[in-house]
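Fold and contact review
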There are 2 protein chains.
Amino acid sequence: MQVLNLQDILELPKYSRINLINTISGPRSGNLIGTTSTDGIYNLAIFNTVTHIGASPPLLGFIMRPLTVERHTYDNIKATGFYTINPINTSIYKAAHQTSAKYTSDISEFEAVGLQPEMIHNFKAPFVKESTYGIAMSYKEEYPIKSNGTVLIIGQIEHIILPQNGLTDDYSLNHDELDTVAIGGLDTYYQTSLLDRLKYARP
Amino acid sequence: MQVLNLQDILELPKYSRINLINTISGPRSGNLIGTTSTDGIYNLAIFNTVTHIGASPPLLGFIMRPLTVERHTYDNIKATGFYTINPINTSIYKAAHQTSAKYTSDISEFEAVGLQPEMIHNFKAPFVKESTYGIAMSYKEEYPIKSNGTVLIIGQIEHIILPQNGLTDDYSLNHDELDTVAIGGLDTYYQTSLLDRLKYARP
């Protein structure tokens with residue numbers, strides 16, 4: 001076994017440190033967040049920090065990087081109050097990754113990377129047509145993180161659009177069936193395959 | 001396609017709603033958090049919300065459920081200031097899942113589920129010997145979430161213990177090699193296999 005202590009980590013070359021700390025928490029969810037700018041441009045950005053906050057009411061959170069530079073997703077969510085969360089699957093992971101390039105605010109990442117925006121049910125933010133399912137979100141709260149200037153954004157699920165085969169009888173999503181990928185760090189994509197589903201644990 | 005709106009979601013039977021909202025964000029990281037109580041008992045609990053907060057300083061966050069009942073992990077972190085994060089692999093996912101059972105505070109989940117606590121480098125919280133790698137954490141901050149009473153806990157990485165083969169040349173962890181699983185919702189475990197690693201994206 002090898003040990004890397006805090007000082008070792010801080011002294012790593014920048015991209016080695018970023019790789020290490022971004023991959024250390026394990027494979028995590030990969031999602032595209034869709035928004036509409038006040039100029040009507042459809043923005044799309046990849047996030048690997050979308051997580052469960054609670055089921056009643058249904059809430060999801062994600063981490064925005066520090067607002068020291070332009071953050072189109074943040075600006076659009078604050079301006080419109082709405083966004084979509086769209087899972088990445090094996091057919092679109094390359095296009096999804098390309099949304100992380102620094103496009104200027106007059107360019108729609110949908111067009112730039114070759115994904116199709118889909119406006120449905122009068123929702124103010126675009127869904128990704130090629131995603132297997134989509135989640136319509138309304139902005140609820142944000143918490144600026146003192147330690148490093150990132151921001152936790154919390155939203156409420158307004159509706160979910162998903163294929164007929166996407167739900168099991170007890171409303172658990174089968175990500176094997178839905179072909180959802182997981183992300184390691186900023187650049188590594190993992191296919192997931194069902195290992196097991198276990199019963200509610202009792203002592 | 002089917003649409004579930006907010007009202008539909010709120011009217012679902014409790015466990016269907018929990019399953020749906022817990023699985024909707026995609027497969028996510030599965031980790032065991034190890035702590036020591038003021039009575040010296042080693043506590044271990046499964047979390048599926050550990051996420052990256054930042055690389056400089058190296059910070060990870062996770063979500064605690066509301067503090068309306070006893071939360072041993074929270075109490076121990078607040079009392080000692082330290083905890084460990086241990087990824088779940090395919091050999092220990094059943095034992096890891098069993099830590100979610102409601103054991104009383106006088107029982108060590110390590111013993112109850114058959115995992116071995118390992119005290120190394122004088123760190124005050126136990127590592128899981130059977131985990132492929134381990135992260136020593138110090139408590140930094142917490143943010144109570146107004147919307148539902150959960151709490152975002154943020155900690156700093158103090159050191160990382162990992163096998164010689166665990167790191168690639170550029171310090172990205174290879175979770176194929178490390179056998180790290182991902183979790184869907186509260187009960188579903190996924191094996192991950194490398195799909196691709198992509199280059200830094202530019203417009």
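Residues numbered from 1 in each chain as written. Chains lettered and ligands numbered in written order. Predicted model: local features only at pLDDT ≥ 70, side-chain atom pairs only at ≥ 80, totals over all residues. Heavy atoms only, no water.

Turning to the overall build of chain A, a few remarks are in order. Regarding its fold elements, chain A presents six helices and 13 strands. Rg of the C-alpha trace for chain A: 18 Å, near the compact-globule value of 17 Å for 203 residues, within the 12% margin. Taking all 203 residues of chain A together, 59% fall into the buried category. When the accessible surface of chain A is totalled, it reaches about 8,200 Å², and 49% of it is carbon and sulfur. (Helix = DSSP H or I, 4+ residues; strand = E, 2+ residues; numbered from the N terminus. Rg over C-alpha atoms; globule rule 2.2 N^0.38 Å. Buried < 20%, exposed > 50% of the residue type's maximum accessible area, 1.4 Å probe, protein only. Areas by Shrake-Rupley, 256 points an atom, 1.4 Å probe, with all protein chains shown as cover.)

Side chains on a regular strand alternate between the two faces of the sheet. All names here are of chain A. Burial of strand β3 (residues 31-36) is extensive: six of the six residues sit out of reach of the surface. On β3, burial covers both faces: Asn31, Ile33 and Thr35 on one face and Leu32, Gly34 and Thr36 on the other are all buried. One ladder, built from six bridges, connects β3 with strand β4 (residues 42-47); its direction is antiparallel. Among the inter-strand pairings, Thr36 is bridged to a residue of β4, identified as Tyr42. Strand direction decides the pairing type here: β3 and strand β7 (residues 82-87), joined by four bridges, are antiparallel. (Pairing = 2+ DSSP bridges.)

Every contact between the two is made by 99 residues of chain A and, on the other side, 99 residues of chain B. Here chain A packs against chain B, burying approximately 9,100 Å² in sum over the two surfaces, 61% of which is carbon and sulfur. The three residues of chain A that bury the most area against chain B are A:Gln2, A:Ile24 and A:Leu195, which together make up 8% of that side's buried surface. Linking chain A with chain B are two salt bridges, by the criterion used here. Summed over the shared surface of chain A and chain B, the result is 53 residue pairs in polar contact (both at pLDDT 80 or more). Looking at the side of chain A that touches chain B element by element, the count peaks at ten residues for strand β13 (residues 188-197) of chain A. Alignment of strand β1 (residues 2-5) of chain A against strand β11 (residues 151-162) of chain B, held across four bridges, turns out to be antiparallel. Across the sheet, A:Leu4 pairs through a bridge with B:Ile160, a residue of β11(B). (Contact = heavy atoms within 4.5 Å. Buried area = accessible area lost by both parts, 1.4 Å probe. Salt bridge = Lys/Arg side-chain N within 4 Å of Asp/Glu carboxyl O. Polar contact = N/O pair within 3.5 Å; in protein donor to acceptor, adjacent residues only side chain to side chain.)

On to the environment of B:Ser29, then. With respect to the element layout, B:Ser29 can be found in strand β2 (residues 28-29). As a C-alpha pair, B:Ser29 and B:Asn48 span 19 residues in sequence and 5.5 Å in three-dimensional space. Residues in contact with B:Ser29, not counting those within four places in the same chain, are A:Ser25, A:Gly26, A:Pro27, A:Arg28, B:Phe47, B:Asn48, B:Thr49 and B:Val50.

Glancing now at the pattern of salt bridges. With the rule as written, the count across this model stands at eight salt bridges over all chains. Between A:Lys129 and A:Glu118 there is a salt bridge, and its shortest N-O distance comes to 3.6 Å. On the criterion of sequence distance, the pair formed by A:Lys129 in the loop between β9 (127-128) and β10 (134-144) and A:Glu118 in strand β8 (residues 117-118) is long-range, its members being eleven residues apart. Judged by relative accessible area, which is 25%, A:Glu118 ranks as partly exposed. The partner of B:Asp170 in a salt bridge is B:Arg197, and the shortest N-O contact between them spans 3.0 Å. Here the residue B:Asp170 occupies a position in the loop between β11 and α6 (175-178), and B:Arg197 occupies one in strand β13 (residues 188-197), the gap between them amounting to 27 residues. Residue B:Asp170 is classed as partly exposed on the basis of its relative accessible area, which comes to 29%. Given a relative accessible area of 33%, B:Arg197 falls into the partly exposed group. Each of A:Asp170, A:Arg197 and B:Asp187 takes part in a single network of salt bridges with overlapping partners.

This next bit is on the relation of the copies chain A and chain B. When chain A is brought onto chain B, the operation consists of a screw motion whose angular component is 180° and whose axial shift is 0.0 Å, with 0.0 Å RMSD remaining. Considering both components of the superposition, the chain copies are consistent with a two-fold axis. In this assembly the copies share their binding face: 100% of the residues contributing to the interface of chain A also contribute to that of chain B. (Least-squares fit on C-alpha atoms with pLDDT ≥ 70 in both.)

Let us now look at the side chain of A:Thr180. By the element assignment, A:Thr180 lies in the loop between α6 (175-178) and β12 (181-184). Each residue touching A:Thr180, except ones within four places of it in the same chain, is listed here: A:Pro87, A:Ile88, A:Tyr133, A:His175, A:Thr192, B:Gly26 and B:Pro27.

Here the focus is the sheet that holds β2(B). Spatial ordering of the open sheet is given by β2(A)-β12(A)-β13(A)-β13(B)-β12(B)-β2(B), a layout of six strands whose pairing is antiparallel. Strands at the two margins of the open sheet, each flanked by one partner only, are β2 (28-29) of chain A together with β2 of chain B. Bridging between β2(B) and strand β12 (residues 181-184) of chain B involves two bridges; their strand directions are antiparallel. Across the sheet, residue B:Ser29 finds its bridge partner in β12(B), namely B:Ala182.

Along the backbone, A:Glu118 and A:Ser172 are 54 residues apart, and their C-alpha atoms lie at a distance of 25 Å. Filtering out sequence-adjacent residues up to four positions away, A:Glu118 remains in contact with A:Pro126, A:Phe127 and A:Lys129.

This paragraph deals with helix α2 (residues 14-23) of chain B. In terms of residue burial, α2(B) counts as a mostly covered element, since eight of its ten residues are buried. Along α2(B), the residues classified as buried are B:Ser16, B:Arg17, B:Ile18, B:Asn19, B:Leu20, B:Ile21, B:Asn22 and B:Thr23.

What follows is about the confidence of the model for chain A. When pLDDT is averaged across chain A, the result is 96; 100% of the residues are at 70 or more. This prediction of the complex comes with two scores: 0.97 for pTM and 0.96 for ipTM. (pLDDT = per-residue confidence, 0-100.)

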